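Chain by chain, the residues:
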Amino acid sequence: MPRITVESVGAIGVIKDLPPHELPDNAWSNANNFRFQDIGAKKGLGYQSLGWNTPVSAPYYLVPVQTSSAFYWLYCGLNSIYAVQSAYSFDITRASGGYNASALSRWTATDFNGIPVLNNGIDTPQFWPFSPSQSNILEDLPGFPTTDRPKVIRAYKNYLVALNINRSGTTYDRLVKWSDSADIGLVPASWAIDDPTLDGGESTLPEDGGAIVDALPLRDSLMIYRDNSVYRMQFTQGNDIFRFDRGPSSIGLLAVGCVTDFFGKHLLITKEDIVLFDGQNAQSIVDSRNRRQFFSELSSDYYDQSYIVHNKNDKEVWLCYPQSGDTYPTKAMVWSYAEGSWAFRTFPALPHMAYGIIDQNAQDSWEPSKGNWQSQVSTWAAASGTWSTADIAWSADDRPWNGRTYDVTKAGILGADATNMLLYQMDLTNQANGAAQVSFLERAGVNLGENRADMIQRKTVRSIYPHITGDSGAILKVKVGGRDSIGQSVSYATEQSFTIGSQYKCDFTVDGRLIDIRFSSAANNNWTLHSYQIDVDMTGDA
């Protein structure tokens, strides 16, 4: 009875674009909520709602805001915007009243020299005056035309650039409009296009190439992504201020938010591929592996709700997308660029996720009920309790004045759940916000034997020996099935439990020319599969 070893099961990850029987033995035909690393296939972490902050209004979009001394999360709703620090949510909605955002027209944000600028395509674009703090509220961008509503605004050098503009009810989807320049700490004061003393202007891109979707700086240029083309916007220092050139690659962008910075390049989702773009050439990063799976699952109705988030902690990029029947993303195809592998993970419907500091103690302000310094009339001797929400007296607080109040090592992904009015910290705990999270590894069509390409020989599997590390006592399930030909339904033996620390094998009796193997778990535990062995009898060619 030979024992066949399948090693390095985290080296390749999931490959869905090839028939399972043609995959290397250590590749997986399907998986969910797993990470693939050199050490093996590691059960993925879940997510947990922030126990220290519950949104006041439904969050649809998240903006991390970092200053030299403070860190805030902004969550944008349909009618209001709040800034989060610790347990507190500060309403920073503009003084003139709430917003009219649409649940399907995403807020966008750009960092203009440390000033957050936000836009929803319906209201006048907003900015959070420098230096951002909970005592400031958002304001309308000064000088922005009352007739114009851009789909997106992006920062480029000392200018703000508005793209794809609805003007007085008519959409000019190829229009690019830029502001006058602004000094550090200020937003542009004017968007006038007919004042020769100012830099403001606008230009309409050529008809071919489709509507403008989004834009992002790349080195010294602003790359403007359209439906079917890319244009380069460059500062000229001349009378024209900017020039526009069509990029060399005929690539378009799937949706707003489907492009991100990636070590001097752009990583983007096009309408038919996932590519790295260096400003000259576009390189597919999925090749023949998972492209078809991604686009076959992508909702044809709500594909424009897709977005990308860069998980720098684990050197991953999450390509988040709504599956057919969903409105908001419920699944991510995850590229581990450190490992060169692909994986999938699922989560509740999240209109947006973003990467930033997630620190419960990142609070630089007084407790809101205490007011500000100027309003305090109590003496130190008369003060009862503590001023700090951290429950430490001022005399015991050794943090320096104006020093950083957040821990930069506490970075991660925050998710916005508008339906349940929750903020989730992703990659936390082993559960789905306290409920079971199903994780599985599946390999269909393993062709065992000396000649792996020869599917004539029948096999009988007797035992599976999982080589697993993890929580002692953790229980997972092992399932084995067999079939005689490609495309035939699988006949599974009874699923077996495997307990880490007390078992070394699972026994089966499974016959077939091709073997299917599945490892799964829904329990609150950690484990990593490094390799496994299969005890198999070669029973002949009948």
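Scroll up to find the structure.
As the structure is a prediction and not an experimental result, all values here were calculated from the model. (Residues numbered from 1 in each chain as written. Predicted model: local features only at pLDDT ≥ 70, side-chain atom pairs only at ≥ 80, totals over all residues. Heavy atoms only, no water.)

Undergrad: What exactly am I supposed to notice about the packing of aromatic side chains here?
TA: Geometry of an aromatic ring pair is reported as the spacing of the ring centres plus the angle between the planes. For the structure on display, the rule yields 28 aromatic pairs. Pairing Tyr-60 with Tyr-328 gives two aromatic rings, centres 6.4 Å apart and planes at 70°, and the pair type is edge-to-face. Taken together, the residues span a long stretch of sequence, with Tyr-60 in the loop between strand S5 (47–49) and strand S6 (61–66) and Tyr-328 in the loop between strand S27 (316–321) and strand S28 (331–336) at a distance of 268 residues. The class of Tyr-60 is buried, set by a relative accessible area of 17%. Taken together, a centroid distance of 5.5 Å and an interplanar angle of 15° make the contact between Tyr-75 and Tyr-82 stacked. Taken together, the ring pairs in this structure connect Tyr-156, Tyr-159, Trp-178, Phe-235, Phe-242 and Phe-244 into an aromatic cluster. Between the NZ or CZ atom of Lys-479 and the centre of the ring of Tyr-492, over which it lies, the distance is 4.4 Å. Taking NZ or CZ as reference, Arg-518 lies 4.3 Å from the ring centre of Phe-440, over its face. (Phe/Tyr/Trp six-rings, centres within 6.5 Å; stacked < 30°, edge-to-face > 60°. Helix = DSSP H or I, 4+ residues; strand = E, 2+ residues; numbered from the N terminus. Buried < 20%, exposed > 50% of the residue type's maximum accessible area, 1.4 Å probe, protein only. Lys NZ or Arg CZ within 6 Å of the ring centre and 35° of its normal.)

Undergrad: What should I look at first to understand the layout of surface pockets in this one?
TA: Regions of empty space are outlined by a rolling probe, equal in size to a water molecule, passed over the atoms. Size it by volume and the largest pocket reaches roughly 1200 Å³. Forming the boundary of the largest pocket are 41 residues, of which Pro-64, Ala-109, Leu-216, Thr-260 and Asp-261 lie nearest the centre. Among the elements of the structure, S6, strand S10 (108–112), strand S11 (115–119), strand S14 (148–156), strand S18 (212–218), strand S22 (259–262), strand S26 (307–311) and strand S30 (352–357) are those that each provide at least two residues to the lining of the largest pocket. (1 Å grid on protein atoms, 1.4 Å probe; cavity = no way out; pocket = protein on both sides within 12 Å on 5 of 7 lines; lining within 4 Å. Points joined across faces, edges and corners; volume = space filled by probe spheres on them.)

Undergrad: Hey, could you run me through the pattern of salt bridges in this one?
TA: Side chains that differ in sign of charge can pair as their charged atoms come close. All told, the structure shown has 23 salt bridges when counted by the stated rule. For Glu-202, the salt bridge goes to Arg-167, with nearest N and O atoms at 3.0 Å. You can see Glu-202 sitting in strand S17 (residues 201–204) and its partner Arg-167 sitting in strand S15 (residues 159–167), a full 35 residues away along the chain. A relative accessible area of 24% places Arg-167 in the partly exposed class. Here Asp-507 makes a salt bridge to Lys-505, at a shortest N to O gap of 3.3 Å. Judged by relative accessible area, Lys-505 falls into the partly exposed class, the value being 25%. The network of salt bridges with shared partners includes Arg-35, Asp-314, Glu-316, Arg-345 and Asp-427. (Salt bridge = Lys/Arg side-chain N within 4 Å of Asp/Glu carboxyl O.)

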